[in-house]
Amino acid sequence: MILCIAEKPSVARDIANILGATHREGTQGLGYMEGNGYAVTWTFGHLCTLKEPHDYHPSWRAWSLGVLPMIPERFGIKPIEIDHYKRQLEIIERLVGQATEVINCGDAGQEGELIQRWVLQRAGCSVPVKRLWISSLTDEAIREGFARLHDAEDYQSLYEAGLARAIGDWLLGMNATRLYTLRYGGRERKQPLSIGRVQTPTLALIVDRQQEIEHFVPETYWELKTRYRETLFSADKGRYSDAAKAQTALESIQGKELEITSVKKKDGKELPPRLFDLTSLQVSCNRKFAMSAEETLATAQSLYERKLLTYPRVDTTYLSEDIYPKVAGILRDLVKPYPQLVAPLLSGDPIRKSKKTFDNAKVTDHHAIIPTGQRAQGLSEREQRVYDLVARHFIAVFYPDCLISTTSVEAQVERIKFKVSGKEILSPGWRSVFAGEAEEAEAKEGKEESESEATLLPTFVEGERGPQLPELKERQTQPPKYYTEATLLRAMETAGKFVEDEELREAMKENGIGRPSTRANIIETLFKRGYIEKVKRSQIHATETGKQLIGLINYDLLKSAALTGQWEYKLRQIERRELEPRSFIEELKEMLRQLTLSVLQPEPPAASPTAATPEPTAAASSPAADPRDTGLRCPRCGAGTLLRGRSAFGCSAYSAGCSYRIPFASCPETSSPEELEAYLEREAREATDSVPESLF
């Protein structure tokens, strides 16, 4: 029997129908389908998770500075403590034991790979494993995927990157949250001070922007403009910072004629807006429909599972070359909902193929989000809006460019020069797809079109003269705008501009703070934890709690874009097999040790009573002379020996960076060296459910 494991029941049903596995076993959402030599079952997303601190050491259950940093010898996984999750996992374990081959049908991405690998590891899978890798759930895509299954080994580095990410997030989140809560939280605090690799830099962005606004001091300036033939010209000088000089300039041109000194026309073109990746889709839906990032992701995921859109959790706006032969078919399937828009593309002329749309070098795991061509019916209002937006962008990229004419006019009154510019659309091209909607926001990536650029100018001739009506306007500089979800997503995506290092900036350009699939959840988490709030419907403000948290963090790497940039860059290296996962984790462990010392350093006397490691003495270099020395080699670093301290056994090489310790709550202070050695052996055996030794 060949066992297929999907990530959701609905996906499992689609696969089972294609394979002919039509007999259902199980009830209440649990079980599997079988037939034609196949069994098709499913997970509910993650069925397993990394073990919690107390699963490694009972003493880690209680929050104490004395046990930080918590660094397990080997990381392990365990079933998630939800009844129907555990029951479904038991079904999968039984099926794996009966299978001759397993096909991993999880979502084709880093998280999907991790979900499946943990389940197979828990099930003790020892049979060959294949990988189904598809970008849509149409019957055609599933059949093509099963016709070209990959070896699981092809995605080993993807799994290792996902595993490194999960372990790294555990190490930083568990340790930093406890460290800052215990150090700065105070007894009256009911909620932990939550620290996270992506969450904290995102909160820092919001807090920094808010502080810029709150501390902004407006400056007054003056703008000199003049109206000629119903057209408003602006002084070439721009702003006047001195009121007297501005008034003098105004008086010097009152009652004088304006002369047109230059008229220049330049024909140009505007390219169609790019296809959507997840972030740009979330940005667009937030601007147009006030949908949150989480709502957009959930809607796109629903349309994917209904076979109407391709895989949504993507970070590219390009298509691979092999999609081009399928474009005509997809467009034909879109004739019914969009007859007038699609008809010109199917008139017989070759369909446009632009390097701005098709580029294999810009596509990794998945291509941009596009419609599959399946008939869309029975959609909710929200689903219809998202589907229509994706479909119109797909159609638009095959339309001609929008042809424009830009006119720049220069004029002069006495010695003061003026200018104005305007734009005229000569041929709408792709703009006709959006039925008059202001899609410039997408084409210009959110930059607002200025008033003058949108102006259709009358015909001016060089040398013409006439009366003009000048005016002087007093204005004030404006603070930055508060983030909305749309602008925050863009800031998370392009956080590389805050990083000086070129290589890190390039990694940030691709990934920014977090990954496209996780950014919505990060924003929602900040809302739920009370660190941010919405004001005036769309503005995102940091709460007092959020501002206090960022103010408390004295380790800049935790709240800077650089931390995420380093992580994303190195995780990409792991995916490309350019960096060993073990190296990445070891670097993080060292950072945690430095972080712990940094936070506790200001008040060493207060920290020493709870410290689990003895005070440094000459015994560290001469352990045999110290009665506290047990004579047992440290199992972590191998360089030091275990000493009997005030509240724990600790490594004598603590000053060299080893933080290994065993609290007396786990192994009594009165234990003999033999009893301590037995404890160490027992501790090693308890790691049976760990990730592969070859990794971490």
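Residues numbered from 1 in each chain as written. Predicted model: local features only at pLDDT ≥ 70, side-chain atom pairs only at ≥ 80, totals over all residues. Heavy atoms only, no water.

Engineer: What am I meant to see in the overall build of the chain here?
Structural biologist: In terms of helices and strands, the chain carries 23 helices and 22 strands. Out of the 696 residues in the chain, the part that is buried amounts to 51%. Taking the contacts inside the chain whose residues are at least 6 apart along the sequence as the reference set, 75% of them involve residues at least 24 apart. (Helix = DSSP H or I, 4+ residues; strand = E, 2+ residues; numbered from the N terminus. Buried < 20%, exposed > 50% of the residue type's maximum accessible area, 1.4 Å probe, protein only. Contact = heavy atoms within 4.5 Å.)

Engineer: How should I be thinking about helix H13 (residues 381–396) in this particular structure?
Structural biologist: Owing to its 3.6 residues per turn, the α-helix brings residues three or four apart onto one side. Taking 1.5 Å per residue as the helical rise, H13 with its 16 residues ought to reach 22 Å, and the 22 Å between its terminal C-alpha atoms agrees with that figure. Taken across its 16 residues, H13 has 12 buried, putting it largely inside the fold. Those residues of H13 lying buried are Glu383, Val386, Tyr387, Asp388, Leu389, Val390, Ala391, Arg392, His393, Phe394, Ile395 and Ala396. (Expected span 1.5 Å × (residues − 1).)

Engineer: Sorry, what's going on with the sheet that holds strand E1 (residues 2–6) here?
Structural biologist: To summarise the sheet geometry, strands pair through backbone hydrogen bonds and adopt either a parallel or an antiparallel arrangement. On the basis of which strands lie adjacent, the open sheet formed by 7 strands has the order E2-E3-E4-E1-E7-E8-E9 and mixed pairing. The open sheet has two free edges, formed respectively by strand E2 (23–25) and strand E9 (150–151), since each of these has just one partner strand. As defined by bridge partners, E1 adjoins strand E7 (residues 101–105) across 5 bridges and the pair is classed as parallel. Among the inter-strand pairings, Ile2 is bridged to a residue of E7, identified as Glu101. Across the face of the sheet, helix H1 (residues 9–19) comes into contact with E1, strand E3 (32–35), strand E4 (38–42) and E7 while running at roughly 165° to E4. (Pairing = 2+ DSSP bridges. Axes fitted to C-alpha atoms, helices over the stretch in contact; angles between N-to-C directions.)

Engineer: Would you explain the packing of helix H7 (residues 199–214) against helix H16 (residues 485–493) in this entry?
Structural biologist: When two helices pack together, their arrangement is captured by the angle between the axes and the distance separating the axes. Close contact between H7 and H16 brings their axes to 11 Å; oriented N to C, the two are set at 120°. Classified by the interaxial angle, the pair formed by H7 and H16 is oblique. For H7 against H16, the interelement crossing comes out right-handed. Only Leu488, Ala491 and Met492 of H16 make contact with H7, whose side of the interface consists of Thr202, Leu205 and Ile206. Class assignment for the residues of the contact of H7 with H16 results in 5 nonpolar, 1 polar and no charged. (Parallel < 35°, antiparallel > 145°, perpendicular 65-115°, else oblique. Left-handed = near helix turned anticlockwise from the far one by under 90°. Nonpolar A, V, L, I, M, F, W, Y, C, P; charged D, E, K, R; others polar.)

Engineer: Explain helix H19 (residues 544–552) to me, please; I cannot follow it from the model alone.
Structural biologist: Of all the residues in H19, the buried ones are Gly546, Lys547, Leu549 and Ile550. Buried residues in H19, looked at end-on, bunch into an arc of 160°, giving them a common side. Those residues of H19 hidden inside the fold are in contact with H7 and strand E18 (539–542). (Arc of directions from axis to C-beta.)

Engineer: What is the right way to read the pairing of strand E20 (residues 641–644) from this model?
Structural biologist: Taken residue by residue, a regular strand's side chains alternate between the two faces of the sheet. As judged from the 2 bridges shared by strand E19 (residues 629–633) and E20, these two strands associate in the antiparallel manner. Bridge pairing links Arg633 to Thr641 in E20. By the bridge criterion, 3 bridges tie E20 to strand E21 (residues 648–651) in an arrangement that is antiparallel. Bridge pairing in E21 links Leu643 to Gly650. Adjacent in sequence and paired antiparallel, E20 and E21 are bridged by 3 residues.

Engineer: Looking at this structure, how should I read a negative patch on the surface?
Structural biologist: On the surface, a cluster of negative charge is contributed by Glu674, Glu675, Glu677 and Glu681. By the secondary structure assignment, Glu681 is in helix H23 (residues 673–685). With a relative accessible area of 47%, Glu681 lands in the partly exposed category. (Patch = residues over 30% accessible without salt bridge, like charges linked within 9 Å, V, L, I, M, F, W, Y side chains within 5 Å. Areas by Shrake-Rupley, 256 points an atom, 1.4 Å probe, with all protein chains shown as cover. Salt bridge = Lys/Arg side-chain N within 4 Å of Asp/Glu carboxyl O. Lys, Arg positive; Asp, Glu negative; His and termini not counted. Charge placed at Lys NZ, Arg CZ, Asp CG, Glu CD.)

Engineer: Would you mind showing me how to read empty space enclosed by the protein here?
Structural biologist: Rolled over the atoms, a probe as big as a water molecule pinpoints where empty space is left. The full count for this structure, using the stated rule, is 2 cavities of 30 Å³ or more. In terms of lining residues, the largest cavity is bounded by Val11, Cys105, Gly106, Asp107, Ala108, Leu132, Ile134, Leu137 and Tyr304. Here the residues of the lining of the largest cavity sort into 7 nonpolar, 1 polar and 1 charged. (1 Å grid on protein atoms, 1.4 Å probe; cavity = no way out; pocket = protein on both sides within 12 Å on 5 of 7 lines; lining within 4 Å. Points joined across faces, edges and corners; volume = space filled by probe spheres on them.)

Engineer: I would appreciate a short explanation of the packing of aromatic side chains in the present structure.
Structural biologist: Here a ring pair, both rings aromatic, is described through the centre-centre distance and the interplanar angle of the planes. Overall, the coordinates contain 15 aromatic pairs when judged by the stated rule. Considering the side-chain rings of Tyr228 and Phe460, the 6.1 Å spacing of their centres and the 25° angle between planes classify their relative orientation as stacked. Highlighted residues: Tyr228 in strand E10 (residues 220–228) and Phe460 in the loop between helix H15 (451–454) and strand E15 (465–467), separated in sequence by 232 residues. Both residues of the pair, Tyr228 and Phe460, belong to the buried class. A centroid spacing of 6.0 Å and a plane angle of 80° characterise the contact between Trp430 and Phe434, whose relative ring orientation is edge-to-face. Exposure remark for Trp430: the relative accessible area of 0% places this residue in the buried category. The structure contains a cluster of three or more aromatic residues connected by ring pairs, namely Tyr56, Trp60, Phe75 and Trp170. Positioned above the aromatic ring of Tyr240, the side-chain terminus of Lys237 is 5.1 Å from the ring centre. Of note, Arg239 hangs over the ring of Tyr221, and the distance from its end group to the ring centre comes to 4.0 Å. (Phe/Tyr/Trp six-rings, centres within 6.5 Å; stacked < 30°, edge-to-face > 60°. Lys NZ or Arg CZ within 6 Å of the ring centre and 35° of its normal.)

Engineer: Honestly, the nonpolar core in this entry has me stumped. Any pointers?
Structural biologist: Ranked by size, the top nonpolar core spans 87 residues in total, and within it Trp118, Leu171 and Leu595 carry the most contacts. Of the residues forming this core, the biggest block, 12 residues, is contributed by helix H6 (residues 156–184). The contacts of Trp118, once residues within four sequence positions are left out, are His46, Cys48, Thr49, Leu50, Ile77, Tyr159, Leu163 and Ala166. (Core = buried A, V, L, I, M, F, W, Y, C linked by side-chain atoms within 4.5 Å.)

Engineer: Explanation requested: the packing of H6 against helix H21 (residues 581–600) in the structure shown.
Structural biologist: Relative to each other, H6 and H21 sit at 5°, their axes nearing to 10 Å. The angle between the axes of H6 and H21 places the two elements in the roughly parallel class. Within the contact between the two elements, H6 uses Glu160, Ala164, Ile167, Gly168, Leu171, Leu172, Asn175, Ala176, Leu179, Tyr180, Arg183 and Tyr184 and H21 uses Pro581, Phe584, Ile585, Leu588, Lys589, Met591, Leu592, Leu595, Thr596, Val599 and Leu600. Considered class by class, the residues forming the contact of H6 with H21 number 17 nonpolar, 3 polar and 3 charged.

Engineer: How should I be thinking about the sheet that holds E20 in this particular structure?
Structural biologist: Judged by pairing direction, the sheet is antiparallel, and its 4 strands sit side by side in the order E19-E20-E21-E22 without closing on themselves. Strands with a single pairing partner mark the edges of an open sheet, and in this sheet they are E19 and strand E22 (661–663). Strand-to-strand twist in this sheet, taken as the mean axis angle between neighbours without regard to direction, amounts to 20°. When E21 meets E22, the two strands line up antiparallel, connected through 3 bridges. Of the residues in E22, the one forming a bridge with Ala648 is Pro663.

Engineer: What exactly am I supposed to notice about the pairing of E4 here?
Structural biologist: In terms of burial, E4 is largely enclosed, as 4 of its 5 residues are buried. Strand direction decides the pairing type here: E1 and E4, joined by 5 bridges, are parallel. Looking at E4, one finds that Ile2 is bridged to Tyr38. Pairing between E3 and E4: 4 bridges, direction antiparallel. Pairing of Met33 across the sheet is with Val40, part of E4.

Engineer: In this structure, what is going on with the confidence of the model for the chain? I would like to understand it.
Structural biologist: The predicted structure's coordinates, where accompanied by low pLDDT, should not be read in detail. Taken as a whole, the chain shows an average pLDDT of 86; of its residues, 87% reach a score of 70 or greater. Across residues 602–625 the pLDDT falls below 50, and counting only partners more than four positions away or on other chains, this stretch makes 31 contacts in the model. (pLDDT = per-residue confidence, 0-100.)

Engineer: Looking at this structure, I do not really get the environment of Glu675. What am I missing?
Structural biologist: Secondary-structure assignment places Glu675 in helix H23. You can call Glu675 partly exposed: its relative accessible area is 47%. In terms of polar contacts, Glu675 uses its side chain to reach the backbone amide nitrogen of Ser672, at 2.9 Å. (Polar contact = N/O pair within 3.5 Å; in protein donor to acceptor, adjacent residues only side chain to side chain.)

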